[in-house]
Amino acid sequence: MELFPEFQVKEKDFPPAPLADRMRPRALIDLLGQKNLIGEGKPLLKFITGKSNFSFILWGPPGSGKTTIARLVASLSDIEFHEISAVNAGVSEIRKIILQAKKTWNLSKRGSVLFIDEIHRLNKSQQDSVLPHVENGTIRLIGSTTENPSFEVIPALRSRCQLFRLEPLSKNDMRSLLERGLIDRECGLGNDLFEIDFDARDLIICYSNGDARKALNLLEAARDFSCSSEKESRPVSAQDIKGIIQSVSVLYDKGGTEHYDHASAFQKSMRGSDPDAAIYWLAKMISGGENPRFIARRLIVTAAEDVGNADPMALIVANAAADSCEKLGWPEARIPLAQAVIYISRAPKDNSAIVAVDNALNDIQQKGKSFSVPEHLKDTHYSDAKAKYGYGKEYKYPHDYPNSNVAQNYLPDELKGSRYVFKSKDI
């Protein structure tokens, strides 16, 4: 008998799990989206159902099903499943799991899976601690990450893992997800006297950007709002959802892969002379909280690389926009940035500058064409240069020949006649 029975913790005394966790699929058939990976005959489905021992990494945005897939692997296999989060796990915890995996194999010949959520947050030494045990088969690794593994996971570990990329859920999948959450009586909100307008559902789908977790969290917040309202019972409206959200949810991570993907789309739109697309990507980066200096640097690079000498004013405009950003800051900096984006997008294009310098760099750095300065071009400002060493004796000063071009070689003799600068249309 317990001394303090009133303080005994019972399962029913715990608060209910969030809707997003309760609605997590418990079977492959319930998993929405990712048909390119788990559809009939698709590669990831074969890994999950074929009792494969391959390690793999799941790369995708939040709420796309990475953790769910990892847990389904465990439920469909006769293996011991260990799950850790790289946010709070260290080498010591990983070592304990490795030791347990060895014991499990020795006692029952059962394999073990180590699932590392947010594996990109492990530092190099932590990733190194996992590597030998994946290599010798002690554990099978499943990693999940929202960041590009090419940047965040060490090459040795990547080479031992299959990589599967997950996509955000489609709008149709998100609509089905919300419908499940509303009608499911066991895990969802099916027992609640709660209604939500179709416009409000569409708004949740729009704000969630393909993130299932975010959509279900918003749906649950809408239910809580409905229950707490002192007004007569009525369906939750789109205006109610706007009040819950308060600000637009932007799919943009200024510290990760999205940062570089958006910068790439931004520059390519200006290069392709599409001012509307360029302005959209500019707005997306601004909405995501991007540093205006980063945007300004992309403008300067594009003005020099893609517009070049077809319109030298573009570089001046880009630098003026960068200077304005320093003086103004947000939100006013958006105006000179937009002005420069439109100018650069509409300007004629000439990439001869980057082509020329990169070709010369390639000759020097890759082909070994690193030659000495010809004697007639060497520095002659000191007294011994001409008298003692003979430097500059054959040099022809162009201003002494105002009516004609001076025929002399300015390249090393070994590169005489080489060309690096072309008009853009000739490249």
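Above this note sits the structure.
Nothing here was measured: the structure is a model prediction, and the numbers come from that model.

Some remarks on the environment of glutamate 167
Here is step 1 of the chain: Among the structural elements, glutamate 167 can be located in the loop between strand 5 (161–165) and helix 9 (171–183).
Here is step 2 of the chain: By relative accessible area, glutamate 167 is classed as partly exposed at 37%.
Here is step 3 of the chain: It is 8.3 Å that separates the C-alpha atoms of glutamate 167 and glycine 210, two residues lying 43 residues apart in sequence.
Here is step 4 of the chain: Beyond its immediate sequence surroundings of up to four residues, glutamate 167 is in contact with Gln34, Pro61 and Ser64.

Considerations on helix 17 (residues 334–346)
Here is step 1 of the chain: For helix 17, built from 13 residues, the straight-helix expectation of 18 Å at 1.5 Å per residue is met to within 8% by its first-to-last C-alpha distance of 18 Å.
Here is step 2 of the chain: What helix 17 keeps buried is the set Pro336, Leu337, Ala338, Ala340, Val341, Ile344 and Ser345.

Thoughts on the packing of helix 15 (residues 292–307) against helix 16 (residues 313–328)
Here is step 1 of the chain: Put simply, helix 15 and helix 16 touch, their axes get as near as 8 Å, and they point 175° apart. Judged on the interaxial angle alone, helix 16 and helix 15 are roughly antiparallel. From helix 15, Pro292, Arg293, Ala296, Leu299, Ile300, Ala303, Ala304 and Val307 reach across to helix 16, where they touch Ala314, Leu315, Ala318, Asn319, Ala321, Ala322, Cys325 and Glu326.
Here is step 2 of the chain: Partitioned by chemical class, the residues of the contact of helix 15 with helix 16 number 13 nonpolar, 1 polar and 2 charged.

Here we look at the packing of aromatic side chains
Here is step 1 of the chain: Inspection of every chain in the model, using the stated rule, returns 3 aromatic pairs.
Here is step 2 of the chain: Judged by centre distance (6.2 Å) and plane angle (20°), the rings of phenylalanine 81 and phenylalanine 115 are stacked. Highlighted residues: phenylalanine 81 in strand 2 (residues 80–85) and phenylalanine 115 in strand 3 (residues 112–117), separated in sequence by 34 residues.
Here is step 3 of the chain: Residue phenylalanine 81 is classed as partly exposed on the basis of its relative accessible area of 25%.
Here is step 4 of the chain: Arginine 165 extends its terminal NZ or CZ atom over the ring of tryptophan 59, reaching a point 4.3 Å from the ring centre.

Side note on helix 18 (residues 352–365)
Here is step 1 of the chain: Here helix 18 contains 14 residues, and its C-alpha end-to-end distance of 20 Å stays within 8% of the 20 Å for a straight helix at 1.5 Å per residue.
Here is step 2 of the chain: Of all the residues in helix 18, the buried ones are Ser352, Val355, Ala356 and Asp363. For helix 18, the angular spread of the buried residues around the axis is 100°, confining them to a single face.

Re the layout of surface pockets
Here is step 1 of the chain: When its volume is computed, the largest pocket comes out at roughly 630 Å³.
Here is step 2 of the chain: What lines the largest pocket is a set of 33 residues, and nearest its centre among them are Ala20, Met23, Arg24, Pro25 and Thr68.
Here is step 3 of the chain: Within the residue set of the lining of the largest pocket, elements represented by two or more residues are helix 1 (19–22), helix 4 (66–75), strand 4 (140–145), helix 9 and helix 11 (212–228).
Here is step 4 of the chain: For the lining of the largest pocket, a count of residues per class yields 12 nonpolar, 9 polar and 12 charged.

Calculation rules
- Residues numbered from 1 in each chain as written.
- Predicted model: local features only at pLDDT ≥ 70, side-chain atom pairs only at ≥ 80, totals over all residues.
- Heavy atoms only, no water.
- Helix = DSSP H or I, 4+ residues; strand = E, 2+ residues; numbered from the N terminus.
- Buried < 20%, exposed > 50% of the residue type's maximum accessible area, 1.4 Å probe, protein only.
- Contact = heavy atoms within 4.5 Å.
- Expected span 1.5 Å × (residues − 1).
- Axes fitted to C-alpha atoms, helices over the stretch in contact; angles between N-to-C directions.
- Parallel < 35°, antiparallel > 145°, perpendicular 65-115°, else oblique.
- Nonpolar A, V, L, I, M, F, W, Y, C, P; charged D, E, K, R; others polar.
- Phe/Tyr/Trp six-rings, centres within 6.5 Å; stacked < 30°, edge-to-face > 60°.
- Lys NZ or Arg CZ within 6 Å of the ring centre and 35° of its normal.
- Arc of directions from axis to C-beta.
- 1 Å grid on protein atoms, 1.4 Å probe; cavity = no way out; pocket = protein on both sides within 12 Å on 5 of 7 lines; lining within 4 Å.
- Points joined across faces, edges and corners; volume = space filled by probe spheres on them.

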